[in-house]
Protein chains: 2
Amino acid sequence: MMLFDTLTIVGVGLIGGSIGLAARERALCGKVIGVGRNVEALQRSKEAGILTEWRENWDEAFQASDLIVFCTPVDQIIPQAQRAIEVSKPNTIITDAGSTKAKIVQKLQGNNDHGIEFLGSHPLAGSEKKGADFARATLFEQRVTIITPTSSTTSFAKERVKKFWQGIGSQVVELSAEEHDTALAYTSHLPHLLASALAGMLPAEWQKFTASGFRDTTRIAAGDAALWTAIFQENREALLAATQRFQLQLQELCQAIQSEDSNKLLSMLHQAKQVRDALGN
Amino acid sequence: MMLFDTLTIVGVGLIGGSIGLAARERALCGKVIGVGRNVEALQRSKEAGILTEWRENWDEAFQASDLIVFCTPVDQIIPQAQRAIEVSKPNTIITDAGSTKAKIVQKLQGNNDHGIEFLGSHPLAGSEKKGADFARATLFEQRVTIITPTSSTTSFAKERVKKFWQGIGSQVVELSAEEHDTALAYTSHLPHLLASALAGMLPAEWQKFTASGFRDTTRIAAGDAALWTAIFQENREALLAATQRFQLQLQELCQAIQSEDSNKLLSMLHQAKQVRDALGN
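Draft legend 1. Quick look at the relation of the copies chain A and chain B. With an axial shift of 0.0 Å and an RMSD of 0.0 Å, the rotation relating chain A to chain B amounts to 180°. What we have between these two chains is a two-fold relation. No C-alpha of chain A approaches the rotation axis more nearly than that of T217 of chain A, which lies at 2.0 Å. Most of the interface of chain A is mirrored in chain B, where 100% of its interface residues are also at the interface.

Draft legend 2. Up close: the interface of chain A and chain B. Taken together, the contact pairs 80 residues of chain A with 80 residues of chain B. On the surface where chain A and chain B come into contact, there are 4 salt bridges. Here R219 of chain A ties to D216 of chain B by a salt bridge, and the two come within 3.5 Å at their closest N and O atoms. The interface formed by chain A and chain B holds 18 residue pairs in polar contact (both at pLDDT 80 or more) in total. Contributions of two or more residues to the side of chain A that touches chain B are made by β8 (144-148), α7 (177-200), α8 (212-218), α9 (225-234), α10 (236-258) and α11 (262-279) of chain A. Ranked by the residues each element gives to the side of chain A that touches chain B, the list is headed by α10 of chain A, at 15 residues. Grouping the constituent residues of the side of chain A that touches chain B by class yields 45 nonpolar, 22 polar and 13 charged.

Draft legend 3. Expanded view of unusual backbone geometry. Residue and element names in this part refer to chain B. Of note in this structure, A27 is not a glycine but carries a positive phi near 55°. As for its position among the elements, A27 is in the loop between α1 (14-25) and β2 (29-35). Owing to a relative accessible area of 42%, A27 belongs among the partly exposed residues under this scheme. Non-glycine residue E260 carries a positive phi angle of around 55°. The topology assignment puts E260 in the loop between α10 (236-258) and α11 (262-279).

Definitions and cut-offs
Residues numbered from 1 in each chain as written. Chains lettered and ligands numbered in written order. Predicted model: local features only at pLDDT ≥ 70, side-chain atom pairs only at ≥ 80, totals over all residues. Heavy atoms only, no water. Least-squares fit on C-alpha atoms with pLDDT ≥ 70 in both. Contact = heavy atoms within 4.5 Å. Salt bridge = Lys/Arg side-chain N within 4 Å of Asp/Glu carboxyl O. Polar contact = N/O pair within 3.5 Å; in protein donor to acceptor, adjacent residues only side chain to side chain. Helix = DSSP H or I, 4+ residues; strand = E, 2+ residues; numbered from the N terminus. Nonpolar A, V, L, I, M, F, W, Y, C, P; charged D, E, K, R; others polar. Buried < 20%, exposed > 50% of the residue type's maximum accessible area, 1.4 Å probe, protein only.

Below is the structure:
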């Protein structure tokens, strides 16, 4: 089911590369063009079957596209997409895969005179691994992609973007950009912050005393530091609010430990276990 | 290499069961006797090749043993091992697999008139899974087991216990019981507390917005609530001290986010990534 003649992926890393593989495998697009900073990596991605072609000149790729997906770090999406809106041909749809949405959507929402339209997206899939070498066509299967339409989003663009994410295997949920950022502060950004704090405080001489518990809990702290610095800054307020809520929860647990209130502690650990059990592996 | 004629495992769950499988596979003991609360589970463990036999009467098992390993929850080890010290035959060695050590060692250290001797152990292996059904002979391979000898520990007992853990595949490190508890508060108990706090505060309607980051970070919160209540209580002081240290680290990260100090944030996330990268997968 061909949805777009030409797809351009901006930033062909783990997410962008997986989008390319999935879109090609499922024949959702005729051409898949890649653009990015590193032309050697783009050439390798073409050889790996992620792209049908790549361009050094971004404007050229934008002008050839029916759908453009920005998979670059969240602090780069706004200026890059503004350029795409400027130079693209009429009716081009632009979306992204950024982990924060409110600032991006606020700057890019609406459509211009030529009907070029931006709609925010966030596929909830990823890994602490970085780069197209880890890309896989199945990355989005059984995962949720959040799209964040606004009052100015046309139903045309919304349906097309929705079908695209469904086409590569994910379930699509609509939220406002603000709801997205509040929820993701809890489900993604706070866990990352905690993992980084925990890994960062481990004395070197105790590394050998870590087992699977520590390793699981801190795994995402191996993620790219620059990428996550940008995410934390873009979602500052919601993340700090989630952290405050976390500190209260931690304090309640500590009080139960301090006061030897085993019943309270048991019941809090049991409630947490039920939540975790419900998520599956 | 036969080390002990008769090994008794008290509490044949994930850890106890894996000890039985590993000891039998490597022929470290002639007989492997299991005792526990659930005789049907013991019978199943015998059928699964974990045990050569089991006893309903614990004293009978204690009296037949050369090595007794307590794999019961940490708040049960002291009274159970005291009974074993009372009834065992001369020269029996007693150890455990408990996640906390100071209180246990303080109560049980030294040897009595018959040369029955307790030496604390903690194999750093495990899982959020529970029960002998998840036992495997390879659980201790390439893992560290900490032993916690005191000034009254004989070199005879220390060498024998050390050889036993090495015999089932692990690397043995000696620490004082207090050092153990301080280190494990950082590397195991605090991660568990954070995972439980994070899982416990997740609103039900946002469960569908969790991806691998949240799942990894909270995986251990699926551990047994009673077992961990006991561990947190037994290691109260070191755990609360580690939590305080964590709160300072988190606060430093939050201040960098709040003040938009991207360089500071980047450098803290980068340092955490280096620690995590050094641990491997």
